[in-house]
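The residues making up each chain are set out below.
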Amino acid sequence: MNLLEQQLEPSGEFPVHEYVQEECDARGWTEEGFIARFQMHGPFPAGQAQFIAEFWLYASSIKGLLMDDDSAETLGKVFGTSAELWKRLHQSHQQWLETHPTHKENDDG
């Protein structure tokens, strides 16, 4: 487990896209920079990679959403972490959504 993984302990309240945005900001990456890295490291066709990358940047707070192996692996490669970290962060948020039914889906605030 590297330093980033030690610092990113799952807090279910926060969806994956918030972690992705914070990591991009900390690295000085633009949206386009993240998408380019996601496309480069993932097994997705170009158009699909951009859609998936934008999804993990903005809209990953949907109840019942699944983090697939390809997305987790790609996020791990982009940020130099394990795929398991992203699966844990996502699973923690999904569990939090289940226990907080008044939380609005796709709420950015």
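Further up the page is the structure itself.
Cut-off values and rules
Residues numbered from 1 in each chain as written. Predicted model: local features only at pLDDT ≥ 70, side-chain atom pairs only at ≥ 80, totals over all residues. Heavy atoms only, no water. Salt bridge = Lys/Arg side-chain N within 4 Å of Asp/Glu carboxyl O. Helix = DSSP H or I, 4+ residues; strand = E, 2+ residues; numbered from the N terminus. Buried < 20%, exposed > 50% of the residue type's maximum accessible area, 1.4 Å probe, protein only. Core = buried A, V, L, I, M, F, W, Y, C linked by side-chain atoms within 4.5 Å. Contact = heavy atoms within 4.5 Å. Expected span 1.5 Å × (residues − 1).

Caption draft 1: Structural context of the pattern of salt bridges. Evaluated as defined, the whole model comprises three salt bridges. A salt bridge links Lys87 to Glu84, with the nearest nitrogen and oxygen atoms 3.7 Å apart. Of this pair, Lys87 and Glu84 both sit in helix α6 (residues 83-99), separated by three residues, roughly a single helical turn. Take Lys87: its relative accessible area is 24%, and that puts it in the partly exposed class. If you follow the salt bridges from partner to partner, you end up with Asp69, Glu84 and Lys87 in one network.

Caption draft 2: Here's a closer look at the nonpolar core. Counting residues in each nonpolar core, the largest one holds 24 residues, and the members touching the most others are Val20, Phe34, Phe38, Leu75, Phe79 and Trp86. Counting only elements with at least two residues in this core, the list comes to α2 (16-27), α3 (31-41), α4 (46-58), α5 (69-79) and α6. Per-element tally for this core: the top contributor is α4, with six residues. In contact with Leu75, not counting residues within four places along its chain, are Val16, Val20, Phe34, Phe38, Trp56, Met67, Thr81 and Trp86.

Caption draft 3: Broad picture of α5. Turning to α5, its buried residues are Ser71, Ala72, Thr74, Leu75, Gly76, Val78 and Phe79. Following α5 by one or two positions, Gly80 adopts a phi angle in the positive range, close to 70 degrees.

Caption draft 4: Representation of α4 in the model. Its 13 residues give α4 an end-to-end C-alpha distance of 18 Å, which sits within 8% of 18 Å, the value for a rise of 1.5 Å per residue. Residues of α4 that are buried: Ala49, Ile52, Ala53, Phe55, Trp56 and Leu57.

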